[in-house]
Amino acid sequence: MEVPQPVQFGQYPPARRTIVHLSDTHLLAGNPPLGGRYDTAANLARTLEAVEALGIRPDAIVFTGDLTDLGEPEAYRALRAVVEPLAARLGSPVVWVAGNHDERPALRRDLLDLEPTEEPVVGAWDLGGLRLVALDTSVPGWHHGDLDEGQLAWLRSVLSTPAPLGTILALHHPPLPSHLPLFDILELRDQGRLASAVAGSDVRAILGGHLHYSTSGTFAGVPVSVAAATCYTMNLARPASEVNGMDAGQSFHLVHVYDDTITHSVVPVVDAVTGDYFSAEWIERMARLTPEERLERFSRKR
């Protein structure tokens, strides 16, 4: 039986690809409270429930680093145990990105089934013509970020052939300034080298984490979108010198890839009373109307 195509209500056809972008899970072995405050496992579970409640089949689920807080093997196994069943139910590949709190050997062995070496954790995925590239900005023994020449040479090689729907880069340390002094100390260093590798390529967006708050900007002419953490977020309603973490404001991003643009929507993970005016039944009623009737019914002020 032929499946009816959805009615296009506006100027834009449906997104070509959809990505769920999460960051900074900071799991701990045995799940003690992170910093004596935050139940990272419970906060991740709530976030994954929110992802599944969307009722979509994303083309990829991307975690942009700080997957664990101390790089413990047990923490990586616990992360895998809760994420992989969800990904299987949704039929979506999972892309793991290394962050400054991660340890490459344990991440490679216990999350990726690879040799437990200090080699950077990188990869490229073909999501039906959209190329997703994971970079490793972690620096063993340090919390700031960097990219070595070998990784940049690999990136230039990957980008030398354009992808049909372009490329999205995923990394932990975003190539953006922060108004918080602590993150400027722990920034991605020597960003000009990454800008040179990206220049003239088909890179359409950069996904990042690290900051524990949602923000956006541009780098080398490419839009950059940073997802807030699942574990805890930064309370930006304070002077910059006094910003600290809070057990609130957790969210993830929905990335929609269109022909001419990419949108990054912040999805809050909250328990809040929500109105019930709009529904699948409302959409169905609108779909039965002509474009002119829809405008008359919904756009005209009464």
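To keep things clear, this report deals only with the structure shown in the data block. (Residues numbered from 1 in each chain as written. Predicted model: local features only at pLDDT ≥ 70, side-chain atom pairs only at ≥ 80, totals over all residues. Heavy atoms only, no water.)

**Examining the overall build of the protein chain**
A tally of regular secondary structure across the protein chain gives eight helices and 13 strands. With the C-alpha coordinates of the protein chain rotated into their principal frame, the extents come out at 60 × 45 × 45 Å. The burial tally for the protein chain puts 46% of its 302 residues in the buried class. Considering only contacts within the protein chain whose residues lie at least 6 apart along the sequence, 68% involve residues at least 24 apart. For the protein chain, the accessible surface area stands at approximately 15200 Å², while carbon and sulfur atoms represent 54% of it. Positive and negative charge centroids in the protein chain, built from 24 and 38 side chains respectively, lie 7 Å apart. (Helix = DSSP H or I, 4+ residues; strand = E, 2+ residues; numbered from the N terminus. Buried < 20%, exposed > 50% of the residue type's maximum accessible area, 1.4 Å probe, protein only. Contact = heavy atoms within 4.5 Å. Areas by Shrake-Rupley, 256 points an atom, 1.4 Å probe, with all protein chains shown as cover. Lys, Arg positive; Asp, Glu negative; His and termini not counted. Charge placed at Lys NZ, Arg CZ, Asp CG, Glu CD.)

**Notes on the nonpolar core**
Residues Leu135, Leu155, Leu169, Leu194, Val203 and Ile206 are the most contacted members of the largest nonpolar core, which totals 33 residues. At the level of secondary structure, the elements contributing two or more residues to this core comprise helix H4 (149-159), helix H6 (191-198), strand S7 (203-208) and strand S9 (222-226). In this view, isoleucine 206 contacts Leu169, Leu171, Pro175, Phe219, Val222, Pro223, Val224 and Ser225; residues no more than four positions away in its chain are not counted. Within the second largest apolar cluster, 26 residues are counted, among which are Leu22, Leu48, Ala75 and Val121. (Core = buried A, V, L, I, M, F, W, Y, C linked by side-chain atoms within 4.5 Å.)

**Regarding the pairing of strand S12 (residues 251-257)**
Of all the seven residues making up S12, seven are buried; the element is thus mostly covered by neighbouring parts of the structure. Alternating positions in S12 separate into two faces, Ser251, His253, Val255 and Val257 on one and Phe252, Leu254 and His256 on the other, with burial throughout. Of the strand pairs in this sheet, strand S1 (residues 17-22) and S12 are connected by five bridges, and their pairing is antiparallel. Within the sheet, the bridge partner assigned to histidine 21 lies in S12 and is histidine 253. Bridging between S12 and strand S13 (residues 262-268) involves seven bridges; their strand directions are antiparallel. Directly across from histidine 256, in S13, lies its bridge partner threonine 263. Here S12 folds back onto S13, and the loop between the two strands holds four residues. (Pairing = 2+ DSSP bridges.)

**Side note on the pattern of salt bridges**
Between side chains of opposite charge, a pair can form when the charged atoms approach closely. Enumeration over the complete set of coordinates arrives at 16 salt bridges. A salt bridge links arginine 46 to aspartate 271; the shortest N-O distance between them is 3.8 Å. Of the two residues, arginine 46 sits in helix H1 (residues 40-53) while aspartate 271 sits in the loop between S13 and helix H7 (280-287), which places them 225 residues apart along the sequence. A salt bridge links aspartate 146 to arginine 193; the nearest nitrogen and oxygen atoms lie 2.9 Å apart. One end of the pair, aspartate 146, is in the loop between strand S5 (130-134) and H4; the other, arginine 193, is in helix H6, and 47 residues separate them in sequence. Taking the relative accessible area as the measure of exposure, aspartate 146 reaches 23% and is therefore partly exposed. Residue arginine 193 is classed as partly exposed on the basis of its relative accessible area of 25%. Linked through salt bridges whose partners overlap, the residues forming this network are Asp146, Glu149, Arg156 and Arg193. (Salt bridge = Lys/Arg side-chain N within 4 Å of Asp/Glu carboxyl O.)

**A few points about the sheet that holds strand S4 (residues 123-127)**
The sheet built from six strands is open, its strands ordered S4-S5-S6-S7-S9-S8 with mixed pairing. The strands lining the two open edges of the sheet, one partner per strand, are S4 and strand S8 (215-219). Strand-to-strand twist in this sheet, taken as the mean axis angle between neighbours without regard to direction, amounts to 20°. Inspection of the sheet shows S4 paired to S5 by five bridges, in the antiparallel sense. (Axes fitted to C-alpha atoms, helices over the stretch in contact; angles between N-to-C directions.)

**A look at the pairing of S9**
Most of S9 sits out of view: four of its five residues are buried. Of the pairings in the sheet, the one linking S7 to S9 comprises three bridges and is parallel in character. In the sheet register, glycine 208 faces S9, and the bridge partner there is valine 226. Across five bridges, the pairing between S8 and S9 is antiparallel.

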